[in-house]
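Reading the structure
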Amino acid sequence: MIYLDNNATTFLSPTVRSRIGSLIAAPVGNPSSPHRLGQEARALVEKARDQVAAALGAPSECVLFVASGSEANAMAIAAAQTCGGDRDEIIVSAVEHSSVGANAAPLGRSGYVVREAPVVGSGHIDLDRLAGMVNERTAIVSVQSVNNETGVVQPVEAVAEISHRAGALYHCDAAQALGKIPIDVGARHAPDLLSVTAHKIHGPTGCGALYARDLSLLQPLVGGGDQEQGLRGGTENLIGAVGFGAAAAERVRDLAAVTALLAACRDSFEHAVLAAEPGVTVNGDRRHRVGNTSNLRFPDIDGDMLIAALDDRGLYCSQSSACTTARPTPSHVLIAMGLSEPEAYASLRFSFGVLNTQEEAEHAAHCVVDAYRDLVDRLRRIGAA
Ligand SMILES: Cc1ncc(COP(=O)(O)O)c(C=O)c1O
């Protein structure tokens, strides 16, 4: 089995697995209980918060635990309502994760204007067009740090500068950035709100975090107890938070060395595929992308057929698309970058994680070339390619 779908989710790292395992076996209390077991649990949650905050360069009190990256995005976008003034526009990039657009849409129905900021063919946000869109009516701008499909890295500082110059908030979805590139919300031009999630960095599913420069920008989506500074009701996900903290600390410890290894795996995979099949092309800017992602377009085939053929060979990757029950829709990211629908359907995403090896990368390239040639042969025989 070779797992190259780490942008979808990652396996727990051995450190996180053992940390969570020992906690599952231990008697733990509710972090809000005043007794010793409760206070021990509270200390674990707060240590985890410190670890996640340190990975973002944030003060711990500005970091809230939530249930997912999607929830963090939803809370962040809702800050459009609290930013003050007559600001009634929300600007969302055309390549955001669906949880950003989906949570902006209800605000659109309640009087806000939701506008889409375009990207250029490389996948980068069109900064000139963005600068032309942001003005005194803009409440919030949401532009991700790293794209989940192509790995393209967006110019976060420039987006922050454009947003702040007009007095707008800047939200950055950094779910795919954490553990792949440095994050520093304390930088001169930095996001006001930033979302991350544990399961993309070899932590557990079901735990995300939202950084907010100023917590008064936020309003609870889930009422109830006064957990998370009164901003998210519900007993804390202790195991999720501890796993997230351990994963975050592990990922930022040797960031440069680990990401160099990831890039070496991805590059040897990509070079081998492109050398064997010169018709295959890379989607997105090859220079400004994180080191783990390769989004490849294969001529003459439908990506879901290649995914199935690779699945049979024990290699797991994904098509750059959100699945519907009937047929995957073409990736909105690739379409926004100017690809045609057939080109988007012909594209697959291979995403490496820290548990992958160089041998796997080389073997994966053989598998992909072999499966692709086999598929094209079969399609030619029936006159479909
Ligand atoms: C860029 C990006 N944002 C947000 C999310 C959502 O994270 P979660 O699965 O924790 O809701 C994902 C997950 O695919 C993502 O890739």
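A quick note: this is a predicted structure, and the numbers were derived from the prediction, not measured.

In this section: the sheet that holds strand β2 (residues 63-66). Judged by pairing direction, the sheet is mixed, and its seven strands sit side by side in the order β2-β8-β7-β6-β5-β3-β4 without closing on themselves. The sheet terminates laterally at β2 and β4 (113-117), the two strands that pair on one side only. The average undirected angle you get between the axes of adjacent strands in this sheet is 20°. As judged from the four bridges shared by strand β3 (residues 89-93) and strand β5 (residues 138-142), these two strands associate in the parallel manner. Looking across to β5, one finds that E89 is bridged to T138. Relative to β2, helix α2 (residues 36-56) is tilted by about 120°, and along the sheet it contacts β2, β7 (193-197) and β8 (208-212). The sheet contacts of helix α6 (residues 156-165) involve β5 and β6 (169-173), and relative to β6 the element is tilted by about 155°.

In this structure, I77, A79, A209, L210 and Y211 are the most contacted members of the largest nonpolar core, which totals 113 residues. When residues of this core are assigned to domains, at least three fall in each of domain 1 (14-253) and domain 2 (254-381). With near-sequence residues (within four places) excluded, I77 lies in contact with I90, V100, N103, A104, L107, I140, S142 and H171.

Along its 24 residues, helix α13 (residues 358-381) runs 35 Å from first to last C-alpha, staying within 8% of the 34 Å computed at 1.5 Å per residue. Among all positions of α13, only A361, A364, A365, V368, A371, Y372 and L375 are buried. Turning to α13, the residues buried within the fold contact β1 (2-3), α9 (255-276), α10 (303-312) and β11 (315-316). A positive phi of about 75° marks G383, the residue just after α13.

What follows concerns the environment of I335. Within the secondary structure, I335 is located in helix α11 (residues 332-336). The class for I335 is partly exposed, based on 17 C-beta atoms found within 10 Å. Between the alpha carbons of I335 and V95 there is a distance of 9.2 Å; along the sequence they are 240 residues apart. When residues no more than four places from it in sequence are discounted, the contact partners of I335 are P330 and A344.

A few words now on the packing of α2 against helix α8 (residues 238-253). In contact at an axis separation of 8 Å, α2 and α8 are set at 35° when each is read in the N-to-C sense. Pair α2 / α8 crosses with left-handed handedness. For the pair α2 and α8, the contacting residues are A41, L44, V45, K47, A48, Q51, V52 and A55 in the first and L238, A241, V242, F244, G245, A248, A249, R251 and V252 in the second. For the contact of α2 with α8, the per-class residue count stands at 13 nonpolar, two polar and two charged.

Domain annotation of the protein identifies domain 1 (14-253) and domain 2 (254-381). The distance between the C-alpha centroids of domain 1 and domain 2 comes to 28 Å. In this complex, domain 1 contributes 23 residues to the contact, which on the side of domain 2 involves 23 residues. Counting residues per element, the side of domain 1 that touches domain 2 draws most heavily on α8, at three residues. Tallied by class, the residues present in the side of domain 1 that touches domain 2 amount to 10 nonpolar, nine polar and four charged.

On to the sheet that holds strand β10 (residues 293-297), then. Here we have four strands laid out as an open sheet, ordered β9-β10-β13-β12, and antiparallel in their pairing. A strand with exactly one partner marks an edge of an open sheet, and here the two such strands are β9 (281-282) and β12 (318-319). Pairing between β9 and β10: two bridges, direction antiparallel. Bridging across to β10, V282 finds its partner in L296. Contacting β9, β10 and β13 (347-351), α9 runs over the sheet at an angle of about 15° to β10.

Okay, the environment of H35 next. Mapping H35 onto the fold places it in the loop between α1 (14-25) and α2. C-alpha separation for the pair H35 and A272, spaced 237 residues apart in sequence, amounts to 59 Å.

Extensive coverage of β3 is indicated by the burial of four of its five residues. Relative to β4, β3 runs parallel, the two being bridged by five bridges. Within β4, the residue paired with E89 across the bridge is V113. In terms of handedness, the path from β3 via helix α4 (residues 98-109) over to β4 forms a crossover that is right-handed.

Parameters at a glance
Residues numbered from 1 in each chain as written. Predicted model: local features only at pLDDT ≥ 70, side-chain atom pairs only at ≥ 80, totals over all residues. Pairing = 2+ DSSP bridges. Helix = DSSP H or I, 4+ residues; strand = E, 2+ residues; numbered from the N terminus. Axes fitted to C-alpha atoms, helices over the stretch in contact; angles between N-to-C directions. Contact = placed C-beta atoms within 7 Å. Core = buried A, V, L, I, M, F, W, Y, C linked by C-beta atoms within 7 Å. Buried ≥ 20, exposed ≤ 12 C-beta atoms within 10 Å, placed from the backbone. Domains from an automatic or database assignment. Expected span 1.5 Å × (residues − 1). Left-handed = near helix turned anticlockwise from the far one by under 90°. Nonpolar A, V, L, I, M, F, W, Y, C, P; charged D, E, K, R; others polar. Right-handed = clockwise from strand over helix to strand, strands pointing away.

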